[in-house]
Amino acid sequence: MTTETKDYRLDGIYRQRQEGYFMQRVKLPAGVISASQARTVATIAQDFGRGSIHLTTRGNMEIHWLREGDLPIVKRELAKVGLTSRGACGRAVRGITCASQGSLGFPALETMARRLQRHFTGNPRFERLPKKFKIGIEADVVGGRHLIQDVGLVLSRVENGAAWYDLWVAGGLGREPRAASLLVEAVDERRIIPLVEAVVTVYAAHAPAGRRLKYLASEMGDDELRRLILAQPSATEELPPVSGLPEHLVPAPHGRQRLEVRIFAGLLPSDQLHWLAAFADARADGVLMATPDQDVALQLADGVDGATAGGELAAAGFTGGLGPGQTRFRVCPGNHECLAGLAPTRDVAKAVMDVLGPEGAKLTWAISGCHNSCTQPQLADAGIAVSRLAVTADGDKEPRFDLYRRTAGGLGNRVGEQLTQEALLEAVRCIG
Ligand code: SF4
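Predicted model, so just to flag it, every value in this text is computed and none were measured. (Residues numbered from 1 in each chain as written. Predicted model: local features only at pLDDT ≥ 70, side-chain atom pairs only at ≥ 80, totals over all residues. Heavy atoms only, no water.)

Caption draft 1: The arrangement of the environment of Cys338 in detail. Relative to the helices and strands, Cys338 resides in the loop between α10 (334-337) and α11 (345-355). Between the alpha carbons of Cys338 and Tyr215 there is a distance of 25 Å; along the sequence they are 123 residues apart. Residues in contact with Cys338, not counting those within four places in the same chain, are Arg17 and Pro333. (Helix = DSSP H or I, 4+ residues; strand = E, 2+ residues; numbered from the N terminus. Contact = heavy atoms within 4.5 Å.)

Shown next, in the form of structure tokens:
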């Protein structure tokens, strides 16, 4: 790998499977983006990509099909509206994800996500880590997303405008999934940034190149990892309280309705993003949210009627709104665009949806095109991951699929291994 490629990764850029094309990822703290920022992303996709935005399962946005010469222009255009891609890929602290955008505590979570992103992004101390470092922030443990982060923050209480968090560490999926363990409970928000810094410092100092924090935890054990983290000087540091005006863009949800717009496989045409930005300006305080289910959510402004706004979305051709909409199905780019992809994930997802019975359609689904598990198949009710390519009798290569079911807390269990696509579809039919 060339030095040039590494530098592109730190700028949130991956090479695509197709020679000469690049993908630009944009970091959105807790998935929040203003309407004017969304218009810029849509215009970049229109002018430099192929008119489509990919919504990721960490609430970020990606623009594919960029040429190398476009990259500096794209970076400038993003910077003009306050968007950053620094550290969105590569060995850095990645975008701060949040699946609790509809919760009462979301303003506190969005604020903390912004502070964390500001602190760790572009800071040379926290770049060129052994591998990527993922932080998630949640209002509760229900979805289990705190379990798959290097650091998972879970809101434990809010009092008089101040927040406390439980801090989970060393989770992750991939070939060797590992659920995070609880490091410390009810941490005052003023201690969160220094404490996360302590975790990153231990990770950078002790993990071998190419390994995540979960590897370190498995090797040395949770107790030793905890001891090392808590021995860091910053682990007990308390920053001064932050004063000033509120930082969050999404207002407190009291009395407001939330609309979710389903976007199949997170593939959002740029003209639709332009439309949603205008809708957000008119109906949702000029703010949109990219959800970790690859949809777009809007919190309606005071006095906006949900049924009327939902009707406007439906008239514009969107599904979802206030109702259940189509089945939730997280889908990564697979070998449509991703270098690591082993299967055409969107095509397989469509084939799965075609055979879903009424029970299956009620579940949440996810498919990942390789063992990296970017769509978190182990956290969906039913998840699919391509495990390998098998060589057939004719010498062709065919993907083999693992099937997961999650029926309780924690990570889902593998219930089918190395299935052909035919066997996978049969197993899906059996779900009902
Ligand atoms: S799961 Fe694999 S194929 Fe899918 S986006 Fe991630 S790395 Fe690419």
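So much for the structure itself; the text now carries on.
Caption draft 2: Quick look at the site of the ligand. Around the ligand sit Cys332, Pro333, Gly334, Cys338, Ala340, Gly341, Ser368, Gly369, Cys370, Asn372, Ser373 and Cys374, and those are all the residues in its vicinity. Here the shell around the ligand is built from residues that sort into 6 nonpolar, 6 polar and no charged. (Near = heavy atom within 4 Å. Nonpolar A, V, L, I, M, F, W, Y, C, P; charged D, E, K, R; others polar.)

Caption draft 3: A look at the sheet that holds strand β9 (residues 181-188). Here 4 strands make up an open sheet; going across it, the order is β6-β7-β8-β9 and the pairing mixed. Either end of the sheet is taken by a strand with one partner, and the two such strands are β6 (135-138) and β9. Ignoring strand direction, the axes of neighbouring strands in this sheet form an average angle of 20°. Two strands pair when backbone bridges link them, and β6 and strand β7 (residues 151-159) are joined in this way by 4 bridges, in the parallel orientation. Note on β7: the bridge partner recorded for Ile137 is Leu153. The strands that helix α5 (residues 189-206) touches are β6, β7, β8 (162-169) and β9; relative to β9, the one it contacts most, it runs at about 150°. (Pairing = 2+ DSSP bridges. Axes fitted to C-alpha atoms, helices over the stretch in contact; angles between N-to-C directions.)

Caption draft 4: Seen up close, unusual backbone geometry. Residues other than glycine seldom take positive phi values, yet Asp285 does so here, at roughly 55°. Position of Asp285 relative to the elements: it lies in the loop between α8 (270-283) and β12 (287-290). A relative accessible area of 41% places Asp285 in the partly exposed class. Despite not being glycine, Ser373 shows a phi value in the positive range, around 60°. (Buried < 20%, exposed > 50% of the residue type's maximum accessible area, 1.4 Å probe, protein only.)

Caption draft 5: Spatial organisation of the pairing of β12. Residues Val287 and Met289 of β12 are buried on one face, and the alternating residues Leu288 and Ala290, pointing to the opposite face, are buried as well. Both strand β3 (residues 32-34) and β12 contribute to a ladder of 3 bridges, which runs antiparallel. Looking at β12, one finds that Ser34 is bridged to Val287. In this structure, β12 lies alongside strand β13 (residues 296-299), joined through 2 bridges in antiparallel fashion.

Caption draft 6: Examining the side chain of Lys134 more closely. Tracing the backbone through its elements, the reader meets Lys134 in the loop between α4 (106-120) and β6. Within the buried core, Lys134 has no salt-bridge partner, and the shortest N-O distance to an opposite charge, that of Asp150, equals 6.8 Å. Apart from residues no more than four positions distant in its own chain, Lys134 is found in contact with Arg58, Arg94, Gln149, Asp150, Val151 and Arg212. (Lys, Arg positive; Asp, Glu negative; His and termini not counted. Salt bridge = Lys/Arg side-chain N within 4 Å of Asp/Glu carboxyl O.)

Caption draft 7: How the structure looks around the packing of α11 against helix α13 (residues 421-431). Close contact between α11 and α13 brings their axes to 9 Å; oriented N to C, the two are set at 35°. Both α11 and α13 take part in a crossing whose hand is right-handed. Between α11 and α13, the residues in contact are Val348, Ala351, Val352 and Val355 and Gln421, Leu424, Leu425, Val428 and Arg429, respectively. In the contact of α11 with α13, the residues fall into 7 nonpolar, 1 polar and 1 charged. (Left-handed = near helix turned anticlockwise from the far one by under 90°.)

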